[in-house]
Number of protein chains: 4
Amino acid sequence: MAHALGHNTYGKSGVHLVVVDRDASPHTVVDLTVDIRLEGDFGAAHTDGDNTAVVPTDTMRGTVFAFARAKPVGAPEEFGLRLARHFVDTVPAVQAARVGLRSTQWTRIGGDHPTAFVADTSVIRTADVRVGVGGAEVGAGVADVAVLKTADSGFSDFFADAYTTLADTDDRLLATRMTADWRYRAVDVDWNAAATEVQSVLLRSFADHHSASLQHTLYAMGGAVIDQCDDVADIHLLLPNVHHLLVDLTPYGLDNDNRVFVATQEPYGVIEATVVRDGG
Amino acid sequence: MAHALGHNTYGKSGVHLVVVDRDASPHTVVDLTVDIRLEGDFGAAHTDGDNTAVVPTDTMRGTVFAFARAKPVGAPEEFGLRLARHFVDTVPAVQAARVGLRSTQWTRIGGDHPTAFVADTSVIRTADVRVGVGGAEVGAGVADVAVLKTADSGFSDFFADAYTTLADTDDRLLATRMTADWRYRAVDVDWNAAATEVQSVLLRSFADHHSASLQHTLYAMGGAVIDQCDDVADIHLLLPNVHHLLVDLTPYGLDNDNRVFVATQEPYGVIEATVVRDGG
Amino acid sequence: MAHALGHNTYGKSGVHLVVVDRDASPHTVVDLTVDIRLEGDFGAAHTDGDNTAVVPTDTMRGTVFAFARAKPVGAPEEFGLRLARHFVDTVPAVQAARVGLRSTQWTRIGGDHPTAFVADTSVIRTADVRVGVGGAEVGAGVADVAVLKTADSGFSDFFADAYTTLADTDDRLLATRMTADWRYRAVDVDWNAAATEVQSVLLRSFADHHSASLQHTLYAMGGAVIDQCDDVADIHLLLPNVHHLLVDLTPYGLDNDNRVFVATQEPYGVIEATVVRDGG
Amino acid sequence: MAHALGHNTYGKSGVHLVVVDRDASPHTVVDLTVDIRLEGDFGAAHTDGDNTAVVPTDTMRGTVFAFARAKPVGAPEEFGLRLARHFVDTVPAVQAARVGLRSTQWTRIGGDHPTAFVADTSVIRTADVRVGVGGAEVGAGVADVAVLKTADSGFSDFFADAYTTLADTDDRLLATRMTADWRYRAVDVDWNAAATEVQSVLLRSFADHHSASLQHTLYAMGGAVIDQCDDVADIHLLLPNVHHLLVDLTPYGLDNDNRVFVATQEPYGVIEATVVRDGG
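Not measured: the values here are computed from a predicted model. (Residues numbered from 1 in each chain as written. Chains lettered and ligands numbered in written order. Predicted model: local features only at pLDDT ≥ 70, side-chain atom pairs only at ≥ 80, totals over all residues. Heavy atoms only, no water.)

Before going further, it helps to spend a moment on unusual backbone geometry. A cis amide bond links E266 of chain A to the next residue, P267 of chain A, at an omega of -15°. Relative to the assigned elements, P267 of chain A resides in the loop between β9 (260-263) and β10 (268-277). A cis amide bond links S25 of chain D with the next residue in sequence, P26 of chain D, at an omega value of 5°. Positionally, P26 of chain D belongs in the loop between β1 (3-21) and β2 (28-40). Backbone geometry at D144 of chain A places phi at a positive 60°, although glycine is not the residue there. Assessed through its relative accessible area of 41%, D144 of chain A is described here as partly exposed. (Helix = DSSP H or I, 4+ residues; strand = E, 2+ residues; numbered from the N terminus. Buried < 20%, exposed > 50% of the residue type's maximum accessible area, 1.4 Å probe, protein only.)

What follows is the structure, encoded as structure tokens:
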């Protein structure tokens, strides 16, 4: 046979765990969807059908639930670290484990109800933990946060060629669905405080920036996080440009000085970059 | 030919309109996705390919944008009424028009930013306006609001047969993604205030109810709206039962007294009912 | 209390059943997603939290699986009839049962493999069975079948007003994602043969029609089914107009005589009508 | 400022192009959704708001449409190469361009209709072209092909620990939604023939394999492609394990020897690996 196994990984996705702390008064709710991936000495499973080294993904699922009961879950990052370390430490074939988590925030109904909650889906918080032979690495993020600016956004003086039809503008509606992923410089951060702070800096810097392009705003947002959040090593931002096109109302005898827009889904621009700590 | 045209309707869906009021300080943003459906004397288009009476769906789209510029949009219900009345009043073939609207709420970043916003996707507000020969009818609603209760929910003493495996419980986690649609008794309601009040009553009554079943809670929620919101004629509630199954942790030597749940997507129960004003 | 219970129904959705007939050689696979809804004397559950009459949705789920083992499943319509009749006949409170089914077709890999299959997702077949005091009613359908015509489609001579910008065309690309639902005139039809025939007539009539509008084509398709399929009582067609817009290539010095289109998702037109048997 | 720009890229996604060749008899339809990403000297846009080097994503969109008219589109891989080379060759700042394409196949209605088509959505074909300073690289793939095996699949003798509950089985239903991506060894392959061949080898090897695990089958599939398709350099397979759980029918007094399954969506296993040409 002239073929061989290259990079491989496997795991369980979509383990949707909800934990109620009923000893707390009021009750608290943790809502996590967990993805696990393992790497290691699993070649024989592929090449020979030898499962001796393989921990079933069903076992991963069970481990998530058992761990959620054995000790308080804690922050998503902390729970991810416990799980990832468990697989690396106890399963002989495992060389590296990655645990991704999506957290849904549940808000008390009326602000203070002890046992009833409404989901706050505006911000999905994520965490991403890797444990390998070189130690642990913890990341966190937010997914799909819809934001827009009605002022302080333009796009002009760009490269032009025979396929250019876009006109310069110094005033446009800028909208995106922000996905951000940052890595921490340590593995013992105050996870909840840090995530809250980064989210806040991202939103404020988006709001206050005088934007010459979505690239320009991305860099301002990432730079603000690096400058203001000491725990963050670097941050990756994925910003789709959710185009809001100015509607031509001249057929109806109406002007439209940046008032009426059609929001479109496709096609969409995508801007993606990492902002790093200088010297880091 | 042994066939004939039965009930028919047509229109435009997914007209996603974003309107910025730039004269306001701070700016305000209206974000509506509009669906239009018309009924009337459109038989010849079907049977003979005669389009004389047909207002193109492209014209409906243009009308939405032109109307959004010609006058302040106002509440979704008000904008829907203007659009629906326009088609009934000005297009000869139209006998009835229905306008559905989904509204995304944009919250000021940091609470008070004048020109930057983050979407609050936890509650999607809807409106549904019908104008016909018999006059206008206005409805409103909320879509897909995820709520859960960690106490005061049981399900027991139900009908049993040879296919029953479910055990009685007097303590379970109850979760749903509420969709509610209510109709108003008038066409000149304070739409924003009424929608806010109904939403608030729905959440509070869900939270405070001692639930013997999701049916029981549905009726309590609908009844509270009828009793407390004078403007509402009736309310339809569609409540999927988002099952949170208690995980069996005995294989791991752990108990689980309503602490650790797996949230499942399929299959799911669905409870659906209308609560009406008595005598109405 | 000034409120009362109106129309209500409940059930289980998304019961995804896969049945392998291993006695058959080659194996056969049935893949059905089943939704059940019951109506009847369930008022006390809503108003008093009295579950005595309520068959749990969990029992519905179990019934689906048990029925799938007890006897060969048969056509989706037949399985739906068995289930619906069971609930009406054996659960005292039930006055009417509705069973909806979505069927995924699995094709043998290579055309004849006895035990390996690939899903044919181009056509999702549906069935809809209702059993009540007045007897049984059986419907069937197809969902989301993407079709397009590159010739024989125009749209012109329509109603025009101040909001009209669309130009007449006698040659456009017509595309839709057809959803059709028809009702049968009997409850002992050869379900698989009938469904295949209706699907075939729908596709052929779409293909061969000289279309003056999507309404015109809808009526031709529905009429062809009524005329050619004796078992069908009436047919409802829901045809979104999946707009393919001709791209303006003049900025690039290129013509575009119906060659290059951009397919758009939103907004989209929707045409919906029922075609009935005349006198029926 | 203690921060700096790291890796960055940008582009346009979701350019949905439909091209009709009307000179052909019968008509042919090409349906491609195109994503473009560029890398290069775009730092000043991020750091200084200087757009001089930036080709707008709107221009990318226009280029796709203009290129589709200027010459016959050809295979997706060929069209991707033309686009990617254009950006690298003509936009000074661009150092590398990546073009991803998703192709929907349209089948003639009735097998031979000249101008009417139905989409075959069972297999979505993909292509992925990169052009950089080191030359061009062409990949292709299929996305989300649902397949299942009712025989020749087991899973046993795996690693066990305190969290293991899964039992050994030598007969289970194996189902996946295959996503495969392979890279070619050259840039002048007969793209359509090669893609058809790889698809066919993947399906046949899945069907014929005696599976000890999904890892085992993945490797057999990838190895078959390497062995039988000379043009392929390596292949990456992403195989979710779409769990079909055997339903426990003992509460209903029924056995279930691998007949009745419930298909579940979450959680799901994921197996992912690359199979390479040995020595390559």
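It is worth spelling out the pattern of salt bridges at this point. Within the structure shown, the criterion is met by 48 salt bridges over all chains. D58 of chain C is the salt-bridge partner of R61 of chain C, the closest N and O atoms lying 3.1 Å from each other. Of this pair, R61 of chain C and D58 of chain C are both found in helix α2 (residues 57-70), three residues apart, which corresponds to roughly one turn of the helix. Using a relative accessible area of 14% as the deciding quantity, one classes D58 of chain C as buried. R98 of chain C is the partner of D128 of chain C in a salt bridge, and the nearest nitrogen-oxygen pair spans 2.9 Å. Here the residue D128 of chain C occupies a position in strand β4 (residues 116-132), and R98 of chain C occupies one in strand β3 (residues 94-108), the gap between them amounting to 30 residues. One connected set of salt bridges, linked through shared partners, spans D23 and R69 of chain A together with D255, D257 and R259 of chain B. (Salt bridge = Lys/Arg side-chain N within 4 Å of Asp/Glu carboxyl O.)

Following the criterion strictly, the structure yields 20 aromatic pairs over all chains and no others. An angle of 65° between the planes, with centres 5.2 Å apart, marks the rings of Y184 of chain A and W191 of chain A as edge-to-face. An angle of 25° between the planes, with centres 4.9 Å apart, marks the rings of F155 of chain D and F158 of chain D as stacked. Judged by its relative accessible area of 10%, F155 of chain D is buried. Taken together, F67 of chain A, Y252 of chain B together with Y163 of chain D form an aromatic cluster joined through their ring pairs. (Phe/Tyr/Trp six-rings, centres within 6.5 Å; stacked < 30°, edge-to-face > 60°.)

Residues and elements named next belong to chain C. Look at helix α4 (residues 191-208) against helix α5 (residues 214-228): their axes get within 9 Å of each other, and the N-to-C directions meet at 140°. Judged by the inter-axis angle, α4 sits oblique to α5. In this structure, α4 meets α5 at a crossing whose hand is right-handed. The residues of α5 that touch α4, namely those facing E197, V198, V201, L202, R204, S205 and F206, are T217, A220, M221, A224, V225 and Q228. Here the residues of the contact of α4 with α5 sort into eight nonpolar, three polar and two charged. (Axes fitted to C-alpha atoms, helices over the stretch in contact; angles between N-to-C directions. Parallel < 35°, antiparallel > 145°, perpendicular 65-115°, else oblique. Left-handed = near helix turned anticlockwise from the far one by under 90°. Contact = heavy atoms within 4.5 Å. Nonpolar A, V, L, I, M, F, W, Y, C, P; charged D, E, K, R; others polar.)

All names here are of chain A. Helix α3 (residues 76-90) packs onto helix α2 (residues 57-70) with a crossing angle of 130° between their chain directions and a minimal axis gap of 11 Å. One finds that α2 runs oblique with respect to α3. Handedness of the crossing formed by α2 with α3: right-handed. Residues M60, T63, V64, F67 and A68 of α2 form the contact with α3, whose own contacting residues are F79, R82, L83, H86 and F87.

A word on the relation of the copies chain B and chain C. For the match of chain B to chain C, the screw axis carries a shift of 0.0 Å, the RMSD comes to 0.0 Å, and the turn is 180°. Between the two chains, the operation in question is that of a two-fold axis. (Least-squares fit on C-alpha atoms with pLDDT ≥ 70 in both.)

Taken residue by residue, the interface counts 71 residues in chain B and 71 residues in chain C. Taking both partners together, chain B and chain C bury about 5,900 Å²; carbon and sulfur atoms supply 57% of that area. Broken down residue by residue, the surface that chain B buries against chain C is led by F159, Y163 and Y219 of chain B, which jointly contribute 13%. In this assembly, chain B and chain C are joined by 32 residue pairs in polar contact (both at pLDDT 80 or more). Listed by contribution, the elements that provide at least two residues to the side of chain B that touches chain C are β1 (3-21), α1 (43-48), α2 (57-70), α3 (76-90), α5 (214-228) and β10 (268-277) of chain B. With 13 residues, β1 of chain B is the largest single contributor of residues to the side of chain B that touches chain C. Partitioning the side of chain B that touches chain C into residue classes produces 31 nonpolar, 28 polar and 12 charged. Two elements, β10 of chain B and strand β1 (residues 3-21) of chain C, share nine bridges in a ladder whose sense is antiparallel. Residue pairing in the sheet places Y268 of chain B in a bridge with S13 of chain C of β1 of chain C. (Buried area = accessible area lost by both parts, 1.4 Å probe. Polar contact = N/O pair within 3.5 Å; in protein donor to acceptor, adjacent residues only side chain to side chain. Pairing = 2+ DSSP bridges.)

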